[in-house]
Amino acid sequence: DDSVHTDAMGEGDESGGQVAELVTQERIIVRTVDMHSVVTDVSASVDSTADLAEEFGGWVVSSNRSAKHRGFVSIRVPADRLDEAIQRLRDSAVDVESEIISSRDVTDQYVDLQSRLKNQQATEDALIKLLDRASKVEDALRIRESLSQIQEEVELLLGKIQLIEQTAAFSLLNLVLELDAAEMTPDAGDDQAAGVGEPVRFRASFS
């Protein structure tokens, strides 16, 4: 579930503006893509995928190139450019072993959070007004305690809402990279003859 990923964000203000522009559809859909591609150079493909994310206004979530024959990179790209990003990755691969695209509708969850946020903010405003009119220290302390709890809930709801907006506005693309098999030319030396039923042993060495 991509909603639990911890992503390294870029410039905060700039990302917030992109979210406001991208989350404008009637239904809020979170899209995730899992691809398994065969490439000629794993490390170079990790780098080019990272460059693609930056070019599209996204960022790299995580990457792994610890093995020469296999690698992994996870990126986020604007949802409205996801199909373009997928096609670019297809074109750059020798072969695409698998491609799974999943979509999750989070509209109801988003609307529910917005409604709860509105109610909590209304309660917060009411408590602030009560605090201004409180004449006794005991009353002020009780109101401050309640206000603190409400403000914590507001911050929590805002965080959940922003997470949904981010995951809907920037789709997650997970790419597993596998090194293409290299062509090998064997040299078995001089031809050898063997009779029918005669055991024959071969020893292979690689350089």
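For every chain, the first residue of its written sequence is number 1, and the numbers climb from 1 along that sequence. Residues qualify for local features only when their pLDDT is at least 70, as the model is predicted, and side-chain atom pairs are given and counted only at 80 or more; totals for whole chains, interfaces and linings, by contrast, use all residues. Hydrogens and water molecules were not included; the side-chain quantities draw on all heavy atoms of the structure.

Engineer: Help me out: how do you make sense of the overall build of the chain in this one?
Structural biologist: Secondary structure elements follow DSSP: runs of H or I of four or more residues count as helices, runs of E of two or more count as strands, with numbering from the N terminus. Check the secondary structure of the chain and you find five helices and five strands. When its helices and strands are written in sequence order, the chain yields α-β-α-β-β-α-β-α-α-β. Categorising residues by exposure relies on relative accessible area from a 1.4 Å probe, with only protein chains included: less than 20% of the type maximum marks a residue as buried, more than 50% marks it as exposed, and the intermediate range marks it as partly exposed. Out of the 207 residues in the chain, the part that is buried amounts to 30%. The contacts of the chain with a sequence gap of at least 6 include a subset with a gap of at least 24, amounting to 81%. Whether two residues are in contact is decided by their heavy atoms, any of which lying within 4.5 Å being enough.

Engineer: How should I be thinking about helix H3 (residues 82–92) in this particular structure?
Structural biologist: In an α-helix, one full turn covers 3.6 residues, which means residues spaced three or four apart are oriented alike. All of the buried residues in H3 are Leu82, Ala85, Ile86 and Leu89. One side of H3 holds all its buried residues, which, seen down the axis, span an arc of 100°. Along H3, the residues that are exposed and aim more than 90 degrees away from the buried face are Asp83 and Asp91. Contact partners of the buried residues in H3: strand E1 (29–39), helix H2 (42–55), strand E3 (70–78), strand E4 (95–105) and strand E5 (170–179). Relevant arc is that of directions from the helix axis to the C-beta atoms, nothing else.

Engineer: What should I look at first to understand the pattern of salt bridges in this one?
Structural biologist: Think of it this way: side chains of opposite charge can pair up when their charged atoms draw near. Salt bridges are defined as contacts in which a side-chain nitrogen from Lys or Arg sits within 4 Å of a carboxyl oxygen from Asp or Glu. Applying the stated rule across the entire model yields 11 salt bridges. Of the charged contacts in the structure, one is a salt bridge between aspartate 83 and arginine 31, with a shortest N-O distance of 3.2 Å. Residue aspartate 83 is found in helix H3, and its partner arginine 31 is found in strand E1; the two are separated by 52 residues along the sequence. Notably, a salt bridge pairs glutamate 55 with arginine 88, separated by 3.0 Å at the nearest N-O pair. With glutamate 55 in helix H2 and arginine 88 in helix H3, this pair connects stretches of sequence that are 33 residues apart. Given a relative accessible area of 48%, glutamate 55 falls into the partly exposed group. According to the relative accessible area criterion, arginine 88 is partly exposed, its value standing at 35%. Taken together, the salt bridges that share partners define one network made up of Arg27, Asp105 and Asp108.

Engineer: Looking at this model, I keep getting lost on the pairing of E1. Mind explaining?
Structural biologist: Looking along a regular strand, one sees side chains alternate from face to face of the sheet. With respect to burial, E1 is a largely interior element, eight of its 11 residues being buried. Examined bridge by bridge, E1 and E4 share 10 bridges and lie antiparallel to one another. Residue pairing in the sheet places histidine 36 in a bridge with serine 98 of E4. Two strands are counted as paired when DSSP detects at least two bridges linking them. As paired strands, E1 and E5 are joined by eight bridges and run parallel to one another. Across the sheet, serine 37 pairs through a bridge with leucine 177, a residue of E5.

Engineer: I keep staring at the nonpolar core and nothing clicks. Help me out?
Structural biologist: Counting 19 residues, the largest nonpolar core has Met35, Leu173, Leu175 and Leu177 as the members making the most contacts within it. Those elements that place two or more of their residues in this core are E1, H2, E3, H3 and E5. When near neighbours in sequence (up to four residues on either side) are disregarded, leucine 177 contacts Ser37, Val39, Val42, Ser45, Val46, His69, Arg70, Gly71 and Val73. Counting residues in each nonpolar core, the second largest holds 17 residues, with Val30, Ile143, Ile150 and Val154 among its members. We call a set of buried Ala, Val, Leu, Ile, Met, Phe, Trp, Tyr and Cys residues a nonpolar core when their side-chain atoms join them within 4.5 Å.

Engineer: Sorry, what's going on with the layout of surface pockets here?
Structural biologist: Gaps between atoms show up when a probe of the same size as a water molecule is rolled over them. Lining residues are defined by having an atom within 4 Å of a point belonging to a cavity or pocket. Those points lie on a 1 Å grid over the protein atoms alone, cavities being sets where a 1.4 Å probe fits but cannot get out and pockets being open sets with protein on both sides within 12 Å along at least five of seven lines. Grid points are joined across faces, edges and corners, and a volume is the space filled by probe spheres set on the points. In this structure, the largest pocket encloses a volume near 490 Å³. Lining the largest pocket are 17 residues, with Pro186, Asp187, Ala188, Arg203 and Ala204 positioned closest to its centre. Gly is put with the polar residues, along with every residue not named as nonpolar or charged; the nonpolar set is Ala, Val, Leu, Ile, Met, Phe, Trp, Tyr, Cys and Pro, and the charged set is Asp, Glu, Lys and Arg. Split by residue class, the lining of the largest pocket holds seven nonpolar, five polar and five charged.

Engineer: Is there a simple way to explain the packing of aromatic side chains in this structure?
Structural biologist: Describing an aromatic ring pair means giving the distance of the ring centres and the angle of the ring planes. Any two of the Phe, Tyr and Trp rings considered here, Trp counted by its six-membered ring, make a pair once their centres fall within 6.5 Å; the pair's planes then place it as stacked at under 30 degrees, edge-to-face at over 60, or tilted in between. What the rule picks out here adds up to one aromatic pair. With a centroid separation of 5.0 Å and 50° between ring planes, the pair formed by tryptophan 59 and phenylalanine 170 is classed as tilted. With tryptophan 59 in strand E2 (residues 59–64) and phenylalanine 170 in strand E5, this residue pair connects regions lying 111 residues apart in the sequence. In this pair, the class of tryptophan 59 matches that of phenylalanine 170, namely buried. The criterion is that NZ of a Lys, or CZ of an Arg, lies within 6 Å of the ring centre and within 35 degrees of the ring normal, and then a charge sits over that ring. If you follow arginine 81 out to its NZ or CZ, it ends over the ring of phenylalanine 56, 3.9 Å from the centre.

Engineer: Can you walk me through the sheet that holds E3 in this structure?
Structural biologist: Note: strands within a sheet are paired through backbone hydrogen bonds, in either parallel or antiparallel orientation. The sheet built from five strands is open, its strands ordered E2-E3-E5-E1-E4 with mixed pairing. The sheet terminates laterally at E2 and E4, the two strands that pair on one side only. Across the sheet, the axes of successive neighbouring strands diverge by a mean angle of 15°, strand direction being ignored. In the packing of H3 onto the sheet, the strands contacted are E1, E3, E4 and E5, and the crossing angle to E1 comes to about 5°. Axes, fitted as lines to C-alpha atoms, cover a helix only where it is in contact. Angles between the N-to-C directions of the axes lie from 0 to 180 degrees.

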